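Chain and residue survey
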Amino acid sequence: MAKLNMVQAINLAMQQEMARDRDVLVMGEDVGKNGGVFRATEGLQSQFGAERVIDTPLAEAGIVGTAIGMAMMGLRPVAEIQFSGFAFLALGQLEGQAARMRSRTQGKLTVPMVLRMPYGGGVRALEHHSESREATFAHLPGIKVVLPSGPRNARALLAAAIRDPDPVVFMEPKRSYRAFREEVPDGEELMEIGKADIVQTGTDLTLISWGAMMRPALKAAEDVAQRRNARIEIIDVLTMSPMDKHTIAESVKKTGRCVIAQEAPRSLSVSSEIIAAINDKALMYLEAPVKRVTYPDVNTVYFGREQLYIPGPERIARAIEETLDF
Amino acid sequence: MPRTELVRFSVPYLQILDQSGTVDAEFEPALSSEQLLYLYRSMKLGREADERMLKLQRQGRIGTFALATGHEAIACGAALAMSETDWFYGSFREPAARMMRGESLAKYMLMHNGYEEGNHDPQSNRLMPFSVIVGAQIPMAVGMAYALRYQEQKDAAVIVVLGDGATSEGDFHEGMNFAGVWQAPVVFLCQNNQWAISVSRQQQTRSETIAQKAIAYGFPGIQVDGNDPLAVYSAVKEALDRAHSGQGPTLIEAVTYRVQMHTTSDDPTRYQHDAEVAAWRERDPLRRMALYLEKKGLLTSAGEEEMTRAVRETVDAAVREFESWTEFKPDAPFDHVFGTTHDVIEEQRAEFLAELAKEADHG
């Protein structure tokens, strides 16, 4: 067991999977010699060589398109998009090809690739470096979308994504990269993709979040628990698609109250789908309307104002108390 | 200081068989009589399939498809030059090449009648699915080529087909650039038929040739007469030899003309000139090949008739076969969303099947 931050844990997952399986390749802009702009791929090229850790030309559609080609030939490329804001240049290859190759060929040709990308705000970055657009990718049938929240689940989910038979968009909360450390087992650890994690059990309210928002959500739950006798159940969604709606619905059936905290804009988002799932499976158990704490439906603001816009613990705590008091 | 010449480039052009069927003996490829007759028969099969599918489409028996009449020299010349170890990643206008690579015409028709079941199994015959999005196949083909080299597959390359319109796409640029940087074993075969639906080649690019675009990416480009199957064969063979021996990619621009509509939904009389189309119809690659075979003493009029009859029978049989498939599992699409099972998909499948059952009860 070592205490690792998220970047180190992500690096460990790739290093171990590459050592285990020669079909695993890493590719992207600056991932080789430079070790990635966030150092997530540090040391991989010196250990595995430039043929397996490829410094590609600066071209997102080219990276994703060639990675799809490699995956169709039986390799397991782990491609990096330097910032998720640039991934839209590759959306055509993702939606038109990666997502559809399995259904197009009735399962005969598959695309076992991972597309890693740092997402989200809070690091005072330039425009296009702070978006949270998981719903865009999660809306594509055939693509799995995973957002880890801490070093341990990041490592275990990335290893699982690399072994997964389908294309996985793996969105890494960049403001959590070096924010905290966790014990990460030295040996292999995998988590199941498509399964949510109940981080804390409770009976009075279900608080749902994912990715970088898990930390402020946990803080909010703690603050509310200190102020009043409320037992809050906390769910980390982890996989946006296919989503573990069963775990969410069972929790809401138990608590009757639910708050969702997300960094992304509100409309047509992952929280919208969670509310729809509650409507389908647990509507009659609700004691209060499901409340959302989200970014408003505005473009990602420049960093001067970002702390006003990314929901923090206080805003989430208020939503929890309003829902408890409803 | 005066400007000096830093570097100079040139673009070669190749024609081996002219319009009258006269061959340039110096460049005539060493193909056996059987290979030449197979090449011609494949071209005829492509033409016959195209004409039959147009009738079927007009009768509502298949859906929209892209016509390939006039493009047979490119498709068949290329397919003949390929080894079994090479991969073919086409666009949507190469049915004759697909059949030469082992795809069933019946399945090709079935795919065009709206069923995924008609898609060829890519693992057999190294034949990739149809690519509808213009240019999207290009970077994928380059990634496949990288994988072939990584896997140390001997004498294997990828041949990727694109149109003149695709050369305007970002995917073309990115794929060509990756291929050059990686020296990937890939052959880019551009069917320059001078039209992307209604947009002419002149409106598509200011470049004098498409072949010259290769130079910018650091590998050779060549323009060939796209109605000359021997020129296409020779250029593709040479490019594949280069790829197999680690010399990297090649771009081949095969110049032809789209003498038919783009797809069955198109009306080219709105933008093409009759005289130009008629002039290109005179340059029919099938007629050129027939004249060549006659001059070589390989084809008599009786032989031609026999071949026509055999090709029609093949197409008849394919139509019968594809129309005999009537049972399709309604929920098959749910089987192929993911390689793993998940409640989200299985619950929706159950709901979908329950709805179908209710509709059947009321039906």
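Each chain carries its own residue numbering, running from 1 in the direction its sequence is written. To read the labels, note that chains go from A and ligands from 1, taken in the order they are written. Restriction of local features to residues with pLDDT of at least 70 applies here, the model being predicted, together with a cutoff of 80 or more for giving and counting side-chain atom pairs; totals for whole chains, interfaces and linings are based on all residues. To get the side-chain values, take all heavy atoms of the structure and skip hydrogens and water.

1. Comments concerning the sheet that holds strand 7 (residues 221-225) of chain B
Residue and element names in this part refer to chain B. Pairing between strands is defined by DSSP: at least two bridges between them are needed. Only DSSP runs of H or I reaching four residues or more are called helices, and only runs of E reaching two or more are called strands; each is numbered from the N terminus. What the six strands build is an open sheet, ordered 1-7-8-4-3-2; its pairing is parallel. The open sheet is flanked by strand 1 (13-14) and strand 2 (87-89), the only strands paired with a single partner. Inspection of the sheet shows strand 4 (residues 186-192) paired to strand 8 (residues 250-255) by six bridges, in the parallel sense. Within strand 8, the residue paired with valine 187 across the bridge is threonine 250. Contacts between residues were defined by any pair of non-hydrogen atoms, one from each residue, lying within 4.5 Å. Every angle, taken between N-to-C directions, lies between 0 and 180 degrees, and every axis is a line fitted to C-alpha atoms, over only the stretch in contact when it is a helix. Where helix 5 (residues 137-150) meets the sheet, it contacts strand 2, strand 3 (158-163) and strand 4, and its direction lies at approximately 170 degrees from that of strand 3.

2. Some words on the interface of chain B and chain A
Interface size is often expressed as the accessible area that is lost when the parts come together. At the interface, 38 residues of chain B touch 47 residues of chain A. By buried area we mean the combined loss of accessible area, with a 1.4 Å probe, across both parts when two parts are placed together. Note on chain B versus chain A: buried area summed over both sides is about 3,600 Å², and carbon and sulfur give 65% of it. Among the residues chain B hides against chain A, the three largest losses belong to Tyr150, His336 and Phe338 of chain B. Together they make up 21% of the total. For the salt bridge of glutamate 347 of chain B with lysine 281 of chain A, the shortest nitrogen-to-oxygen distance reads 2.5 Å. Polar contact criterion, stated in full: a pair of N or O atoms within 3.5 Å, where within protein one must be able to donate a hydrogen and the other to accept it, and residues adjacent in sequence count only if both atoms are side-chain atoms. Along the contact surface separating chain B from chain A lie 15 residue pairs in polar contact (both at pLDDT 80 or more). For the side of chain B that touches chain A, the secondary-structure elements that each account for two or more residues are strand 2, helix 5, helix 6 (170-182) and helix 14 (343-362) of chain B. For salt bridges, the criterion is a side-chain nitrogen of Lys or Arg within 4 Å of an Asp or Glu carboxyl oxygen.

3. Some thoughts on the confidence of the model for chain B
Averaged over every residue, the pLDDT of chain B is 97; residues scoring 70 or more account for 100%. As a predicted assembly, this complex carries a pTM of 0.97 together with an ipTM value of 0.96. Scored between 0 and 100, pLDDT is the confidence that the predictor attaches to each residue.

4. Things to note about the pattern of salt bridges
One pass over the structure, following the stated rule, counts 43 salt bridges over all chains. Lysine 219 of chain A is the salt-bridge partner of aspartate 223 of chain A, the closest N and O atoms lying 3.0 Å from each other. Here aspartate 223 of chain A pairs with lysine 219 of chain A, and both are found in helix 8 (residues 214-227), just four residues apart, close to one helical turn. By relative accessible area, lysine 219 of chain A is classed as partly exposed at 40%. For lysine 237 of chain B, the salt bridge is made with aspartate 241 of chain B, and the minimal N-O distance between the two is 3.5 Å. Burial status follows relative accessibility: with a 1.4 Å probe on protein chains alone, a residue under 20% of its type maximum counts as buried, one over 50% as exposed, and anything between as partly exposed.

5. So, unusual backbone geometry
All names here are of chain A. With an omega of -5 degrees, the peptide bond running from serine 241 to proline 242 counts as cis. With a phi close to 70 degrees, histidine 128 is a non-glycine residue in the positive phi region. Along the chain, the position of histidine 128 falls in the loop between strand 5 (114-119) and helix 6 (134-138). You can call histidine 128 partly exposed: its relative accessible area is 41%.

6. Points about the nonpolar core
Throughout this description, the term nonpolar core refers to a set of buried Ala, Val, Leu, Ile, Met, Phe, Trp, Tyr and Cys residues connected via side-chain atoms within 4.5 Å. Met72 and Ile274 of chain A together with Tyr89 and Phe188 of chain B are the most contacted members of the largest nonpolar core, which totals 83 residues. The dominant element in this core, judged by the number of residues it contributes, is helix 5 of chain B, at 10 residues. Ile74, Ile222, Val232 and Met289 of chain B belong to the second-largest nonpolar core, a separate cluster that totals 47 residues.

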